[in-house]
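Residue-level structural notes
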Amino acid sequence: MLCSAGLATALCAFQAHAQESALRGTFGNGTTLRNTPRGQQALTNTTNQPGAEQAQLQYEPMSSGAVPDTQGEAGSANLFGTVASGGDPFAETPLPAQRSTRASRQRAQQAPVSAERALPEEAVDEATTGTVRVPTIDSTLELPANERAERIGAIEGLRRATDDNPFAATGMRLGSFVLRPSLEQGITATSNASLSTSGSSAVLSETTLRLNAVSDWSRHAATIDAYGILRRSLSGEEIDETEAGINARLDLDLAEEMRGHGEFGYLRRPESASSPVVIEGTASQPIRQTFGGGLGLERDVGKLRFGVTGRVERDVFGDAELSSGGVLSQKERDSILATLTLRGGYEISPALTPFVETEIGRRYYDEEIDSSGFARSSDRLGARAGIELDLGEKLSGEFAAGWLRETFDDERLKPISGPSIDAALAWSPERGTLVNLAANTIIEGTTTAGESGSILHSGRLSLDRQIRADLTANAALGLGYRDYSGSDGYDVIFNAEAGATWWINRYAGLSGRLRHESQKSNLSDRDYDANSVFLGLRLQR
């Protein structure tokens, strides 16, 4: 039994040795190992004997299917199934072929053949039977991009716009209007507080409130300017005066080449000491109130310009306080002036339009017969010729000259007539500088027995200059000439003013001004001079 076990052991060892020898094969004297990519090794015959052929033993496994059935030429493939690179160690080696197993071959035989592969090429139907993706409509059109939809940078990255006037009033919105109020409070020292021949020096507290309102409409426009002044004596001559006024204008764009406008004004103030009506023995000047309004219509026909304007103005005088303690009624001076003005012009260019106009009207006194027994109601007639300028912000306005006449109902009163001027020009020679010229002619009535009244020509030239962003200066010159009808009497009125405002910020500034006023006359007790200085604080919004 021991002999049988030993014999079986010897036979098993012999078979294992034979299997190992067949697997490894034999090596000739000229056989070497070459390195192949990725650590693969190929057996290469390096024998260089002429005519000698060295056979290579092939591995034949015990089970079928372990290696591919088809083999290449001897020496063309290595143990890993890759083709030799022809001796170039740097040549690219193709990936090893995937080994086909028995299971894979069986799955390939059992897999159904698709209808497309089973049919011949000419029998395949290429018609589309599924859903085909088509482009959208907006992808084929070049739609304009909305500028607001474009991506923009962050607000923090935007450059802040430069403010041309950082100290100008910003205003506040009220409905469709922008309001710009201002308040000025200061002290005035004057050499003639009452602006009269007997006036004396005084120190006054002066408060001025102003309001400007401008509409923010797309088609029409409206402006409102109002002010109020309160003067009280702190020392010296006793003064207690109040002055207030308002002017409003509405411009309407009615239709093509047709425009309309309306005006309203109100003024309340003490009658000036330079008034041609002198009331003896009064303690103070009477209050004078003036109401005014007008409507106008303009029409362009080609280069022709036509216009019609109607105006009504009413003067109301308060009672005069006498030095003796009584009052003197001034009702006989109350009157209404109604006028109608017709204008025609021709546009030479958009900047120049010469024109002529005619004015007709009548003045009605509340009392047909005054205390002296005269009927002072009168008829009015005037004619003027002028030119209208429109050069944009550089120069705009109009200037006219002509003749004005009023004839009284009472033949004992001599008519008042004389040359008339009307001007309203604005000129800006450079940025930050504005020059204004205003002039007019008015007829002044009187209640002095046997006298018709006077005609007053006045003009004012003003200059406003922005020296720096926080410093503005202004200057003005005024001149007036009063001609008394029926006599050789006259008055020459002159005034000059210069001032400046230094703005601390956009809302507050320090202001100051110097003023001189004088009147010279060939009539007795009408001359006076006055000098004053003002210093105050101005607030605006």
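The preceding data block contains the structure.
A brief structural summary.

Another aspect to go through is the overall build of the chain. Counting its regular elements, the chain contains four helices and 23 strands. Burial status across the chain gives 26% buried among its 541 residues. Contacts spanning at least 24 positions in sequence make up 53% of the contacts within the chain whose residues lie at least 6 apart. Of the roughly 36,400 Å² that the chain leaves accessible, carbon and sulfur atoms contribute 56%.

Enumeration over the complete set of coordinates arrives at three aromatic pairs. Judged by centre distance (5.5 Å) and plane angle (75°), the ring pair of Phe-177 and Trp-217 falls under edge-to-face. Linking Phe-177 in strand E4 (residues 177-190) with Trp-217 in the loop between strand E5 (202-215) and strand E6 (221-236), this pair joins segments that are 40 residues apart in sequence. Given a relative accessible area of 34%, Trp-217 falls into the partly exposed group. Here Tyr-266 and Phe-291 contribute two aromatic rings whose centre-to-centre distance is 4.9 Å and whose plane-to-plane angle is 45°, an arrangement assigned as tilted. Of this pair, Tyr-266 sits in strand E8 (residues 258-270) while Phe-291 sits in strand E9 (residues 287-301); the two residues are 25 residues apart in sequence, bridging distant segments of the chain.

What follows deals with unusual backbone geometry. Negative phi values dominate among residues other than glycine, just as trans dominates among peptide bonds. Of note in the backbone geometry, Leu-195 takes a positive phi value of approximately 50° without being a glycine. Position of Leu-195 relative to the elements: it lies in the loop between E4 and E5. According to the relative accessible area criterion, Leu-195 is partly exposed, its value standing at 25%. Unusually for a residue other than glycine, Asp-525 sits at a positive phi of about 60°.

Under the definition given, this model contains 36 salt bridges. Two residues, Arg-305 and Asp-300, come together in a salt bridge whose shortest N-O distance is 3.5 Å. With respect to class, Arg-305 is no different from Asp-300; both count as buried. Arg-526 is paired through a salt bridge with Asp-491; the nearest N and O atoms lie 3.0 Å apart. Linking Arg-526 in the loop between strand E22 (508-521) and strand E23 (528-540) with Asp-491 in strand E21 (residues 490-503), this pair joins segments that are 35 residues apart in sequence. Like Arg-526, the residue Asp-491 is buried in the burial classification. Linked through salt bridges whose partners overlap, the residues forming this network are Arg-343, Glu-357, Glu-359, Arg-363, Arg-380, Arg-384, Glu-398, Glu-406 and Asp-422.

Cut-off values and rules
- Residues numbered from 1 in each chain as written.
- Predicted model: local features only at pLDDT ≥ 70, side-chain atom pairs only at ≥ 80, totals over all residues.
- Heavy atoms only, no water.
- Helix = DSSP H or I, 4+ residues; strand = E, 2+ residues; numbered from the N terminus.
- Buried < 20%, exposed > 50% of the residue type's maximum accessible area, 1.4 Å probe, protein only.
- Contact = heavy atoms within 4.5 Å.
- Areas by Shrake-Rupley, 256 points an atom, 1.4 Å probe, with all protein chains shown as cover.
- Phe/Tyr/Trp six-rings, centres within 6.5 Å; stacked < 30°, edge-to-face > 60°.
- Salt bridge = Lys/Arg side-chain N within 4 Å of Asp/Glu carboxyl O.

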